[in-house]
Amino acid sequence: MKKLSYLLLLFVFIITTACSDDDSFDEPDTVEETPEEVPEEPTEPEAPEETPEDEDQQTYAFTPGEARSYIVDGSASEETVALFYHLKAISDSRFIIGQQDAFNAFYNDDSGESDMKKLTGSDPGMLGSDFMFITDDSNNGEAGNWFYQQEQQIIQDAIEAYDKGMVNAFSWHLREPYEGDHFYTSEMTAFQKENAFRSIMEGGANHEYYKEKLQKVAEVVKNMRGSDGVLVPVIFRPFHEFDGDFFWWGAPYSTPAEYKEVWRFTVTYLRDEMNVHNLLYAFSPDNSYTSKSAYLSRYPGDEYVDILGMDNYGDLAAQDGSGVATANQKLKVVSDLAKEKNKVAALTETGYFVDAQNPLPPNFYSENIYKVITENDVNIGFIMFWQNYSDSYTVPVPGVEGEDDFVEFVDKEEALLLEDLPSLYELPAN
């Protein structure tokens, strides 16, 4: 019914003018470390003029035909433009629920169907992946190489997700460029921490190294095609949680101008030099921001960003839910900016890692998370839960704490799993 409702509403609308430290990944035993996990104001189109809404209508910021003019890549594939439009349209009153590595990371190592499907009967509406292993220095492209095998698995998963009608989103835990071993600053030398980010800038000691990594990203994305032969649209989320000090691209290790420069180079190099035209670009700090001006302090400009995100674990960690209102207010900053700029807002990473020492807060999904992403006129296109592990989970499975609460959450009218999604890769008629 949710899918039918969405499709009907899509054609009945009013047109207006206008990782935190919790992240981790599995690697072979031979690998040394196991990774876990004011501004320049660009020229903007005039904000849409608001018109009253009927109860059974939605108000969209732009028509399908206008969507291309609001994205970073004016030459983007039709399917990529369609994805952007649908994410924006969905965010008016609904949200897609996703999970990182849903096809390959399972609680209790119970492989097979995604953990979300085990519980709800449906896969998530979005699959999170990572370019980390793909761009690792140890990936030599040979069939017997573990990192190359991971590359092939990740590509296969992304294609499967696209074929099913899901959204693909890739983060990038890029290892520092001097030794290529770590991305957490706690595991780096003082020299590496202070110099890694600046070294990948144009003229820097590792700029060519960084270009090689972008070339690898481009190679993978440009050759990732669904069973229909179409290039798979991908949300690309580089240099995330940059407001912290735990990644080498964090705020202590570059000025706002330097961060913007690297971001802009990344976009223009992929788009203009490598001719990658199936990416949407997501900007996602951690949860330190409480105002628009602070959120935008490292924002590279509307012409370089499609999705405005925020990662937030910390505000949701309290057992008594005392951080829920704060998390909602922070996400409202993101939501309001996305409305002003005709971008898509998202909660790009979140979750609570339930294990033997950390019981799930009461009503975590159906009340805490739900309030964060819906109250005070917050509108997001998607929410991404981080992955499950053998000994902890962010998405319950049958028989564990929180299973009924999660089902109650996904059964809410606004929530979209795979089974609820419209056709995301086709633009409707104007």
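Small disclaimer: the values here were computed from a predicted structure and weren't measured.

Rules of the game
Residues numbered from 1 in each chain as written. Predicted model: local features only at pLDDT ≥ 70, side-chain atom pairs only at ≥ 80, totals over all residues. Heavy atoms only, no water. Phe/Tyr/Trp six-rings, centres within 6.5 Å; stacked < 30°, edge-to-face > 60°. Buried < 20%, exposed > 50% of the residue type's maximum accessible area, 1.4 Å probe, protein only. Lys NZ or Arg CZ within 6 Å of the ring centre and 35° of its normal. Salt bridge = Lys/Arg side-chain N within 4 Å of Asp/Glu carboxyl O. Helix = DSSP H or I, 4+ residues; strand = E, 2+ residues; numbered from the N terminus. Expected span 1.5 Å × (residues − 1). Contact = heavy atoms within 4.5 Å.

Visitor: What am I meant to see in the packing of aromatic side chains here?
Guide: The description of an aromatic ring pair rests on the distance of the ring centres and on the angle between the ring planes. Evaluated as defined, the whole model comprises 46 aromatic pairs. Taking 4.6 Å as the distance between ring centres and 25° as the angle between the ring planes, the aromatic pair formed by Phe 247 and Trp 249 counts as stacked. Trp 249 shares its class with Phe 247; the two are buried. Ring geometry for Phe 364 and Tyr 365: centres 5.1 Å apart, planes at 85°, overall edge-to-face. Accessibility classification places Phe 364 together with Tyr 365 in one group, the buried group. A cation over an aromatic ring shows up here: Lys 412 above the ring of Tyr 370, its NZ or CZ 4.3 Å from the ring centre.

Visitor: Got a minute to help me understand the pattern of salt bridges in this structure?
Guide: Where charged atoms from two side chains of opposite charge come close, those side chains can pair. Inspection of the entire model under this criterion finds 18 salt bridges. Among the salt bridges present, the one from Lys 341 reaches Asp 302, with a minimum N-O distance of 3.1 Å. One end of the pair, Lys 341, is in helix H9 (residues 324-341); the other, Asp 302, is in the loop between helix H8 (292-295) and strand E8 (307-312), with 39 residues separating them in the sequence. Asp 302 carries the same exposure label as Lys 341, and that label is buried. Its salt-bridge partner being Asp 315, residue Lys 330 comes within 2.9 Å of it at the nearest N-O pair. With Lys 330 in helix H9 and Asp 315 in the loop between E8 and H9, the pair connects residues that are 15 residues apart, well separated along the chain. The pair formed by Lys 330 and Asp 315 is uniform in burial state, with each residue classed as buried. Shared partners join several salt bridges into a network, and the residues in it are Asp 123, Glu 160 and Lys 164.

Visitor: Looking at this model, I keep getting lost on helix H6 (residues 207-222). Mind explaining?
Guide: Helical periodicity: at 3.6 residues per turn, an α-helix aligns residues three or four positions apart in one direction. The end-to-end C-alpha distance of H6, which contains 16 residues, comes to 22 Å, matching closely the 22 Å that a straight helix rising 1.5 Å per residue would cover. Among all positions of H6, only His 207, Tyr 209, Tyr 210, Lys 211, Lys 213, Leu 214, Lys 216, Val 217, Ala 218, Val 220 and Val 221 are buried. Next to the buried residues of H6 lie helix H4 (146-164), helix H5 (190-199), helix H7 (256-273) and strand E7 (279-283).

Visitor: Whenever I open this one, unusual backbone geometry confuses me. Can you help?
Guide: Keep in mind that most residues, glycine aside, have a negative phi and that most peptide bonds are trans. Unusually for a residue other than glycine, Asp 109 sits at a positive phi of about 55°. Its location among the elements puts Asp 109 in the loop between strand E3 (95-100) and helix H3 (115-120). Although it is not a glycine, Asn 376 sits at a positive phi angle of roughly 60°. Tracing the backbone through its elements, the reader meets Asn 376 in the loop between helix H10 (364-374) and strand E10 (382-385). Exposure remark for Asn 376: the relative accessible area of 41% places this residue in the partly exposed category.

Visitor: It is not clear to me how the environment of Lys 88 should be interpreted in this structure. Could you clarify?
Guide: Relative to the elements of secondary structure, Lys 88 occurs in helix H2 (residues 78-91). On the accessibility criterion, Lys 88 (11% relative accessible area) is buried. The spacing of Lys 88 and Ala 338 is 250 residues in sequence and 9.3 Å in space, taken between C-alpha atoms. With residues up to four places along the chain from it excluded, the contact list for Lys 88 reads Ala 61, Phe 62, Ala 338, Lys 339, Asn 342, Lys 343 and Val 344.

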